[in-house]
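Each chain, written out:
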Amino acid sequence: MIDFIILEDELIYVHKYNKIIDKIMMNYDINYNLIVYDNYNTKIDKFLKNDNFKVYILYYNDTKNTLEMIKYIRERLDDWESLIIITYKDKKYKTKLIKESMFIVDYINKNKSIIPKVTRAIQICLKNYDRRPNSLRYSYKNIIYNIEFKKILYIEKEQDNKRCIIKTTNNDYYIPGTIKQIYSLLDKRFIKSSRSCIINIEQISTYDIKTNTITFKNKTKLNTISRDNKKDIINYLRRV
């Protein structure tokens, strides 16, 4: 699922963006939402906090609180995966935002041939979506599984068995193979906490160094962190 979140009060531009998005998405077998606001306010937060891949098209001027919204996305939510396209009419806003270093896909002047530029910017965003390794796909006992990476808390070797347990935010699954084999199927958000366990760093809420206990965002706790991997986890969480 992709959320296209648009901050725009001129209906003519909303219609243009809607047509561009509908036309581009005809080439993708992906569900998407189109969410439009005329100003940044707390009502948007429920969309900002969900787990969908997000593409923002944000009109930037002093009346929209656009910079406040971008800082909330990047700094408060620590969301650097979502992609942001900025439109503007006055160059001073572009200059101001460039200085903030907020990882913007493109800056587009609304007064100059906006349709091809917005089209190109959205296509760039979707290429990033295509390249994301989104899920762990495998077959076990004649059932095909497709488990989203972002929902995995950790994967642990099952004792006296040739399979592992995948702990997710809402369920447990079994997967055949060794920890080494499964680790090769994952992306950079996963690191080993021990020889028999892999954890999803993005799902960690806290790590108590004294008790050697990880607490995940859903309150699940884990304390199988080896001495050799402890430092790696601390450094990763501190972004060293």
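Figured I'd write up the structure that's included with this text.

1. Section: the environment of Lys23
Within the secondary structure layout, Lys23 lies in helix H1 (residues 11–25). For the pair Lys23 and Glu202, spaced 179 residues apart in sequence, the C-alpha separation works out to 34 Å.

2. Remarks on the pattern of salt bridges
Evaluated as defined, the whole model comprises ten salt bridges. Its salt-bridge partner being Glu148, residue Lys151 comes within 3.2 Å of it at the nearest N-O pair. With a relative accessible area of 31%, Glu148 lands in the partly exposed category. The salt bridge partner of Asp187 is Arg189, with a shortest N-O separation of 2.6 Å. Among the residues examined, Asp187 registers a relative accessible area of 15% and is labelled buried.

3. So, the packing of aromatic side chains
Inspection of every chain in the model, using the stated rule, returns six aromatic pairs. On the basis of an interplanar angle of 85° and a centroid distance of 6.0 Å, the ring pair of Phe4 and Tyr32 is categorised as edge-to-face. Taken together, the residues Phe4 in strand E1 (residues 2–7) and Tyr32 in strand E2 (residues 32–37) connect sequence positions 28 residues apart. Given a relative accessible area of 29%, Tyr32 falls into the partly exposed group. Ring geometry for Phe149 and Phe190: centres 5.6 Å apart, planes at 75°, overall edge-to-face. Pair noted here: Phe149 is in the loop between strand E7 (143–148) and strand E8 (152–157) and Phe190 is in strand E11 (residues 190–194), with a separation of 41 residues, a long-range link. The same class applies to Phe149 as to Phe190, namely buried. The ring of Tyr13 carries Lys110 above its face, with NZ or CZ at 4.1 Å from the centroid. One cation-aromatic arrangement involves Arg163 over Tyr174; the distance from NZ or CZ to the ring centre is 3.6 Å.

Scoring rules and cut-offs
Residues numbered from 1 in each chain as written. Predicted model: local features only at pLDDT ≥ 70, side-chain atom pairs only at ≥ 80, totals over all residues. Heavy atoms only, no water. Helix = DSSP H or I, 4+ residues; strand = E, 2+ residues; numbered from the N terminus. Salt bridge = Lys/Arg side-chain N within 4 Å of Asp/Glu carboxyl O. Buried < 20%, exposed > 50% of the residue type's maximum accessible area, 1.4 Å probe, protein only. Phe/Tyr/Trp six-rings, centres within 6.5 Å; stacked < 30°, edge-to-face > 60°. Lys NZ or Arg CZ within 6 Å of the ring centre and 35° of its normal.

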